[in-house]
Amino acid sequence: MDNLTHSLAGLVIAKAGLERLSPGAAAVCVVAANAPDFDLAFLLGGRWTYLHNHRGITHSILGVLILAILVPSIFYSVEFAWSRFRKRERRFRYRGLLLASLIASATHPLLDWTNNYGIRFLLPWSAKWFYGDLVFIVDPLLWFALGGASFLLASRARAQLIFWCALGAILTLALFLLPQQREVIPHVGLFRAVWVISLAGFLAARRAGWGQRFGQRLALIAIAVVVGYWFALAVAHQRALGTAGRFADGLARSRNETVIQFAAMPMLADPFHWQCISETNRATYRFKVSLLGSPQASSEFERFEEPNPRELAAIAKTSGDDRAKVFLDFARFPATRVKDLDCISQTVVQFADLRYTEPGGAQRGTFSLDVPVACPEVNR
């Protein structure tokens with residue numbers, strides 16, 4: 001998930017009662033909820049170093065536990081040293097900070113697991129990826145639920161109100177000014193209207209004093225809404241999987257193929273449509289499933305054939321490329337295409353993860369890779 005969602009999750013659980021465990025507990029919750037993304041530092045080593053390490057050891061059970069202990073320890077040590085320097089009584093309670101951090105830290109891998117990017121819980125013992133496939137990596141409904149409660153409960157001071165208004169303005173400007181395509185956000189006009197109405201509703205609720213009136217209950221309601229939303233998405237996901245499985249099986253049978261695996265994955269701001277990918281022994285298919293009315297798969301689909309022997313000879317030459325190793329270790333549904341196999345100009349092996357793009361399509365960061373190779377022996 002995006003770091004805004006992680007931060008809001010940390011703040012909401014703090015407002016749900018954890019901030020009472022110790023002074024400074026709310027700040028610890030927000031930091032701990034984001035701490036596993038410390039692996040963003042690997043960006044300094046380049047995108048392939050980052051892809052290899054992102055959602056790695058810092059997101060594993062072991063790494064999260066270490067960070068959950070480290071964060072409150074740093075907070076407590078700094079406050080202890082400052083109190084000694086100022087010759088005043090210590091305020092932070094380490095046990096309270098530790099408990100708050102342990103709970104807040106657990107929200108990070110849970111939120112990340114819900115989307116289709118994946119997470120490696122078992123590092124360093126196993127590099128297996130786990131996918132929840134429930135929530136798109138950025139989900140505005142989570143912003144509404146967690147952000148609305150956070151705004152009502154943490155905007156009493158003038159500086160806090162200015163911060164929340166600035167955040168809301170930035171997100172709104174991005175929504176209205178950045179180019180939007182229908183395939184990215186369906187029904188953009190309706191989505192924008194719901195966004196503005198929701199923001200106005202939160203402002204009205206603040207003016208009515210909901211934060212003071214309901215207090216901790218608002219945070220608990222927000223958590224309940226998120227859990228209920230996940231449950232609804234889990235039900236929708238199962239329906240999408242069922243439809244995807246039947247459609248994938250039909251496609252495979254019509255071509256005398258065998259389905260190896262398939263998945264249904266969430267789309268941005270649209271819980272009624274799911275992107276599906278099916279892998280067979282001879283090709284990989286990509287299509288969409290609609291849950292409106294009677295669940296059905298789109299009659300339109302994309303087919304990506306497995307490489308033929310000549311292409312495999314070119315692909316084999318990428319085995320020594322470190323970027324290709326990292327990419328294939330990450331890709332859940334890899335697809336490969338060999339460009340200019342006859343070496344008229346230069347043979348290029350194009351890799352892509354079909355979750356996000358396709359070989360030869362628009363480049364999308366670390367989700368595609370072009371590797372130039374020498375002409376395969378069979379062509380000489």
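Definitions and cut-offs
- Residues numbered from 1 in each chain as written.
- Predicted model: local features only at pLDDT ≥ 70, side-chain atom pairs only at ≥ 80, totals over all residues.
- Heavy atoms only, no water.
- Helix = DSSP H or I, 4+ residues; strand = E, 2+ residues; numbered from the N terminus.
- Contact = heavy atoms within 4.5 Å.
- Areas by Shrake-Rupley, 256 points an atom, 1.4 Å probe, with all protein chains shown as cover.
- Lys, Arg positive; Asp, Glu negative; His and termini not counted.
- Charge placed at Lys NZ, Arg CZ, Asp CG, Glu CD.
- Core = buried A, V, L, I, M, F, W, Y, C linked by side-chain atoms within 4.5 Å.
- Buried < 20%, exposed > 50% of the residue type's maximum accessible area, 1.4 Å probe, protein only.
- Axes fitted to C-alpha atoms, helices over the stretch in contact; angles between N-to-C directions.
- Parallel < 35°, antiparallel > 145°, perpendicular 65-115°, else oblique.
- Left-handed = near helix turned anticlockwise from the far one by under 90°.
- Nonpolar A, V, L, I, M, F, W, Y, C, P; charged D, E, K, R; others polar.
- Phe/Tyr/Trp six-rings, centres within 6.5 Å; stacked < 30°, edge-to-face > 60°.
- 1 Å grid on protein atoms, 1.4 Å probe; cavity = no way out; pocket = protein on both sides within 12 Å on 5 of 7 lines; lining within 4 Å.
- Points joined across faces, edges and corners; volume = space filled by probe spheres on them.
- Salt bridge = Lys/Arg side-chain N within 4 Å of Asp/Glu carboxyl O.
- Pairing = 2+ DSSP bridges.

### Here we look at the overall build of the protein
In terms of helices and strands, the protein carries 12 helices and eight strands. In terms of principal-axis extent, the alpha carbons of the protein reach across some 80 × 50 × 35 Å. Taking the intrachain contacts of the protein between residues at least 6 apart in sequence as the baseline, contacts between residues at least 24 apart amount to 59%. Total accessible area computed for the protein in this model is approximately 19,600 Å², and 63% of it derives from carbon and sulfur atoms. Charge separation in the protein, taken as the distance between the mean sites of 40 positive and 28 negative side-chain charges, equals 13 Å.

### Section: the nonpolar core
Counting 45 residues, the largest nonpolar core has Val135, Trp274, Phe287 and Val289 as its most contacted members. Residue assignment for this core shows that the elements contributing at least two residues are helix H1 (3-15), helix H6 (140-153), helix H7 (158-177), helix H8 (188-207), helix H10 (216-254), strand S2 (270-280) and strand S3 (283-290). Top element by residues in this core is H10. It accounts for 12 residues. Of all hydrophobic cores here, the second largest spans 20 residues; its members include Tyr117, Tyr356, Leu369 and Val371.

### Examining the packing of H6 against H7
Between H6 and H7, whose axes approach to 11 Å, the crossing angle comes to 155°. Compared by their axis directions, H6 and H7 come out roughly antiparallel. The crossing of H6 and H7 is left-handed. Mapping the contact onto sequence places Trp143, Gly147, Ser150 and Phe151 in H6 and Leu161, Trp164 and Leu171 in H7. By residue class, the composition of the contact of H6 with H7 is five nonpolar, two polar and no charged.

### Regarding the packing of aromatic side chains
Counted under the stated rule, the structure contains 20 aromatic pairs. Aromatic pair Trp129 and Phe330: ring centres 5.7 Å apart, planes at 80°, arrangement edge-to-face. Linking Trp129 in the loop between helix H5 (94-113) and H6 with Phe330 in helix H12 (residues 322-330), this pair joins segments that are 201 residues apart in sequence. The residues Trp129 and Phe330 share a single accessibility class, namely buried. Look at Trp143 and Trp195: their rings are 6.2 Å apart centre to centre, the planes differ by 75°, and that puts the pair in the edge-to-face class.

### Observations concerning empty space enclosed by the protein
By the definition in use, this model includes one cavity of 30 Å³ or more. By volume, the largest cavity amounts to about 30 Å³. Of all the secondary-structure elements, those providing two or more residues to the lining of the largest cavity are helix H3 (47-53) and H12. Looking at the lining of the largest cavity, the element that brings in the most residues is H12, giving three residues. Looking at the lining of the largest cavity residue by residue, the class counts come to four nonpolar, one polar and two charged.

### What about the pattern of salt bridges?
Summed over the entire model, instances satisfying the criterion amount to 11 salt bridges. In this structure, the salt-bridge partner of Arg286 is Glu302, at a minimum N-O distance of 2.8 Å. Placement of the pair is Arg286 in strand S3 and Glu302 in strand S5 (residues 302-305), with a sequence separation of 16 residues. Salt-bridge contacts for Arg355 lead to Asp353; the nearest nitrogen and oxygen are separated by 2.6 Å. Note on accessibility: Arg355 and Asp353 belong to one class, buried.

### Brief notes about the sheet that holds strand S8 (residues 368-373)
Whenever strands of a sheet pair, they do so through backbone hydrogen bonds, lying parallel or antiparallel. Across the sheet, three strands lie side by side as S6-S7-S8; this open sheet has antiparallel pairing. The open sheet has two edge strands with one neighbour each: strand S6 (334-339) and S8. Looking at each pair of strands side by side, their axes are set apart by 20° on average, direction ignored. Relative to strand S7 (residues 347-353), S6 is paired through six bridges, and the arrangement is antiparallel. Following the sheet pairing, Lys339 is matched in S7 by Val348. Packed onto the sheet, helix H11 (residues 309-316) meets S6, S7 and S8 and runs at close to 100° relative to S6.

### Some thoughts on the packing of H1 against helix H2 (residues 25-34)
How two helices sit against one another is set out by the angle between their axes and by the gap between those axes. One can describe the packing of H1 onto H2 by two numbers: an axis separation of 8 Å at closest approach and a directional angle of 145°. In the packing of H1 onto H2, the handedness of the crossing is right-handed. Counting all contacts with H1, which are made through Asn3, His6, Ser7, Gly10, Leu11 and Ala14, the residues of H2 involved are Ala26, Cys29, Val30, Ala33 and Asn34. Each residue belonging to the contact of H1 with H2 can be placed in one class, and the counts come to six nonpolar, five polar and no charged.

### Quick notes on the pairing of S3
Within S3, seven of the eight residues are buried, which leaves the element mostly enclosed by the surrounding structure. With seven bridges connecting them, S2 and S3 associate as antiparallel partners. Counterpart to Cys276 in the pairing with S3 is Phe287. In sequence, S2 turns back onto S3 through a hairpin of two residues.

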